[in-house]
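Commentary on secondary and tertiary structure
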Amino acid sequence: MTDLIISHSPIPSVEIDENSAAGIASLSDGSSLKSMSSGSEQSLERLGGGSVASVMSEVDKKLKHVGFLIVEMIETESTYVHALDDVIDGYMKRLRRDTASGFTEQIISQVFVNIEEIRNFHDKLLKQLLQCETKHKLVAQLFIDNIHRLSDMYIAFCSAFPQSLAKLEQLHQSEPHKSALDQCQRELGHIFAVEEYLHRAVQRFLKYPLLFKDMAKKLESLDGHDVVQQALDKLLVTAVKINSVKRVQELQSTELSGWKGGDLKSMGDLLLEDSFKILGAKDPRYLFLFKD
């Protein structure tokens, strides 16, 4: 029998593993974004008193790097919004129209969760980011003002994501659902199935702390560092919650599949975990520290 030791404690400071944000695509098209990048470079050239190749002050170099990070954020935000458009227009709307597909509104809700809400939010966020241009204080304040909405949306999505994948696996094995999903994929010209595009929602949020962490590092002791650091701190709190949700779901579905105790998701955020053996005992003991 597997024993579980559960404790509760105040949350410590946590940093994000950069590997958790792997797989975010970059977008190279978009004249407005290229113009923004070029404009940022030209303004920094003027600050340095010459060409990019000339010797620049350390401050100028740091500000130029921050400008490029913001351009990267906007480019990948555009890519993300387009991917969400494909999911909504190419899958959800088509499946709703096709009454022969077997996709009821209940099934669509189980599979796609709140992806429409997420798409609408990020479409607006992209427009606001473009208005901020490469002004790091404006970008940071934008995320501070929207952190509660971001947190609620993504925690809700990540909490339901395993059930979404399980439902899709079931649908891929039944007709007419499988044929309908395959047809959507073919018409979109996608190499990957819809699961990959839904997974990008989890990946996207975890990209933001990485970008703000790099910005905060470059802006240390410079104007605007405080507001960028504040945005980073708030994003990290939500990222910890998302990683906690993912890990608890993984534990309950695999490693602790025979666990007869209460629902681990109801115990709060998972902060720490470890396993150990007791002399004479066959099975390991697991220790989990939660913040309720």
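Each value, and the rule that gives it
- Residues numbered from 1 in each chain as written.
- Predicted model: local features only at pLDDT ≥ 70, side-chain atom pairs only at ≥ 80, totals over all residues.
- Heavy atoms only, no water.
- Helix = DSSP H or I, 4+ residues; strand = E, 2+ residues; numbered from the N terminus.
- Buried < 20%, exposed > 50% of the residue type's maximum accessible area, 1.4 Å probe, protein only.
- Areas by Shrake-Rupley, 256 points an atom, 1.4 Å probe, with all protein chains shown as cover.
- Core = buried A, V, L, I, M, F, W, Y, C linked by side-chain atoms within 4.5 Å.
- Contact = heavy atoms within 4.5 Å.
- Salt bridge = Lys/Arg side-chain N within 4 Å of Asp/Glu carboxyl O.
- pLDDT = per-residue confidence, 0-100.
- Axes fitted to C-alpha atoms, helices over the stretch in contact; angles between N-to-C directions.
- Left-handed = near helix turned anticlockwise from the far one by under 90°.
- Nonpolar A, V, L, I, M, F, W, Y, C, P; charged D, E, K, R; others polar.

**Re the overall build of the chain**
If you tally the helices and strands in the chain, you get eight helices and three strands. Seen in sequence order, the chain has helices and strands lined up from the N terminus as β-α-α-α-α-α-α-α-α-β-β. Per-residue burial for the chain yields a buried fraction of 42% across its 292 residues. In the form shown here, the chain has an accessible surface area of approximately 15200 Å², with 52% of it arising from carbon and sulfur atoms.

**What to know about the nonpolar core**
Phe-112, Ile-115, Phe-143, Tyr-154, Leu-198, Phe-205 and Phe-212 are the most contacted members of the largest nonpolar core, which totals 64 residues. Contributions of two or more residues to this core are made by helix H2 (58-97), helix H3 (105-112), helix H4 (115-132), helix H5 (136-171), helix H6 (177-188), helix H7 (194-218) and helix H8 (225-255). Among residues more than four places away in sequence, those in contact with Phe-143 are Met-73, Leu-125, Leu-129, Leu-150, Tyr-208, Phe-212 and Leu-235.

**With respect to the pattern of salt bridges**
Taken as a whole and judged by the stated rule, the model has 15 salt bridges. The partner of Glu-105 in a salt bridge is Arg-96, with the nearest N and O atoms 2.9 Å apart. It is possible to trace a salt-bridge network through shared partners that takes in Asp-85, Arg-119, Asp-123 and Lys-127.

**Focus on the confidence of the model for the chain**
Caution applies to low-pLDDT parts of the model: their predicted coordinates are not meant to be read in detail. For the chain, mean pLDDT is 80; residues scoring 70 or higher make up 68% of the total. Within the chain, the element-level pLDDT minimum falls on strand E1 (residues 3-8), averaging 46, and the maximum on H4, averaging 97. This stretch, residues 43-55, has a pLDDT under 50; its non-local contacts, to residues over four places away or in other chains, come to twelve contacts.

**Points about the environment of Leu-235**
Within the secondary structure, Leu-235 sits in helix H8. Setting aside its immediate chain neighbours within four residues, Leu-235 contacts Phe-143, Ile-147, Phe-205, Tyr-208, Pro-209 and Phe-212.

**Here's the deal with the side chain of Asp-85**
Looking at the element boundaries, Asp-85 is found in helix H2. In this structure, Asp-85 is in contact with Gly-90 and Arg-119, ignoring residues within four places of it in sequence.

**Quick word on unusual backbone geometry**
Here Glu-175 and Pro-176 are connected by a cis peptide whose omega angle stands at 10 degrees. On the secondary structure map, Pro-176 appears in the loop between H5 and H6. Positive phi is not limited to glycine here, since Val-113 has a value of about 50 degrees. Looking at where Val-113 falls in the secondary structure, it is placed in the loop between H3 and H4.

**Let's talk about the packing of H2 against H5**
Remark: H2 packs on H5, axes separated minimally by 13 Å, with the N-to-C direction vectors making an angle of 35 degrees. Here H2 runs over H5; the crossing is left-handed. Each of Leu-63, Val-66, Ile-70, Met-73 and Tyr-80 in H2 lies in contact with H5, whose residues at this interface are His-136, Val-139, Phe-143 and Tyr-154. Of the residues belonging to the contact of H2 with H5, the class tally is eight nonpolar, one polar and no charged.

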